[in-house]
Structure formats: structure tokens, C-alpha cells
Amino acid sequence: MARGQTFAPDAAAIERLADAAIAGLPERFRRHLANVVLRVEEFADDEVLDELGIEDPFDLTGLYTGRSMREESSWASGELPPRVHLYRRPLLDEWVDTGVSLEALITHVIVHEVGHHFGFSDAEMHAIEEAAG
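Explain the sheet that holds strand 2 (residues 62–65) to me, please; I cannot follow it from the model alone.
Consider a sheet: its strands pair through backbone hydrogen bonds, and that pairing is either parallel or antiparallel. Pairing is mixed across the open sheet formed by 3 strands, whose spatial order is 1-3-2. Each of the sheet's edge strands pairs with one partner strand only, and the pair in question is strand 1 (37–41) and strand 2. This sheet shows a mean twist of 20° between the axes of neighbouring strands, independent of strand direction. Relative to strand 3 (residues 83–87), strand 1 is paired through 5 bridges, and the arrangement is parallel. Within strand 3, the residue paired with L38 across the bridge is V84.

Could you clarify how one ought to interpret the pairing of strand 2 in this entry?
Two faces, one strand: in a regular strand the side chains alternate between the faces of the sheet. Of the two faces of strand 2, the one lined by G62 and Y64 and the one lined by L63 and T65 are each fully buried. Across 4 bridges, the pairing between strand 2 and strand 3 is antiparallel. Counted as the bridge partner of G62 is L86 from strand 3.

Would you mind showing me how to read the nonpolar core here?
It is characteristic of soluble globular proteins that their nonpolar side chains tend to be buried jointly. Counting 20 residues, the largest nonpolar core has I14, V84, L86, L91, I106 and I110 as its most contacted members. Of all elements in the fold, only helix 1 (11–23), strand 1, strand 3, helix 4 (88–98) and helix 5 (102–117) reach the threshold of two or more residues within this core. No other element matches the 6 residues that helix 5 contributes to this core. Setting aside residues up to four positions removed in sequence, I110 forms contacts with A18, A21, I22, L38, V84 and L86. If you look at the next biggest cluster of nonpolar residues, it comprises 6 residues, including A44, L49, I54 and Y87.

Here is what the cut-offs are and how they apply
Every residue gets a number counted from 1 within its own chain, in the order that chain's sequence is written. The predicted nature of this model means local features are confined to residues of pLDDT at least 70 and side-chain atom pairs, given and counted, to a pLDDT of 80 or more, with totals for whole chains, interfaces and linings taken over all residues. Note: side-chain values were computed over all heavy atoms of the structure, leaving out hydrogens and water. Here, any two strands with at least 2 DSSP bridges between them count as paired. Numbering of helices and strands starts at the N terminus; helices are DSSP runs of H or I of at least 4 residues and strands are runs of E of at least 2. Helix axes use the C-alpha atoms of the stretch in contact, all axes being lines fitted to C-alpha atoms, and the angles between their N-to-C directions lie in the range 0 to 180 degrees. Accessible area is worked out with a 1.4 Å probe on protein chains only. A residue is then buried under 20% of its type maximum, exposed over 50%, and partly exposed in between. For our purposes a nonpolar core is just a set of buried Ala, Val, Leu, Ile, Met, Phe, Trp, Tyr and Cys residues, chained together by side-chain atoms within 4.5 Å. Pairs of residues are marked as contacts when any of their non-hydrogen atoms sit within 4.5 Å.

If you want it as C-alpha cells, here you go:
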């Protein structure tokens, strides 16, 4: 590798940033995330995009799948654990377009998807973000 070359962060680097974002959450939230699986993928698959009515795969940076804490008492046999999906290419595209630090962007997406784990809707999370300034 030549000196001075910079490359887009790979999936492992995105995962490290996401792990750091989770580690920065208050412990009262973190303790409920031990069974949540973090996945970094290039893009959401076509089935997910179709289900959400999203045409452009760059429009989805993250997704929570699984039961929220409000819905679960225990996992049904054979049910996958809850997952937070981060989509690397849309994240990088938004990072370039907005000028926000990649750490701040990933933290924002992690907090949003973790909010779904706690049972908050998108509307509730937007209201919380607006109230927080």
C-alpha cells in the first residue's frame, strides 16, 4: 500500500465504530443489548427494500429486525435474535453528502435502531430528537 492513500472504511471498520457507539450508550440501555446482533452489509437486499417501499438502496442506512422489548417475553423456539443492520455503502454516501463525521452518523443510526429495540416508533424517536434539540 502506498503512503498517503486513503480508502473507504470497510465493514470491519464500520463495525468497530458501531461497537464504540454502543459502548458510549448509558449502561441502563447497554445492558439490554447483549443479545442484539450487529450486522454490517453493503446494502439492504431487494426483499427488504421492497417490503419497506424503498426504491433507492442508498436511502436505507440502517434497520432493526426482530421483536422489540415491548413485544418479547422470551424468544420463540427457532426465532432469530433481534438484529441491527448497518448498510455500509449508504452510510458512506450519506457521510460524504452531509459532511457529518462518520462516527456521529453511525452513532445516530445506532441510537435510532436501538430505539426500535426498546419499542419506539420512528415518530416517537423524531419527537425525542426534536425535543433534545
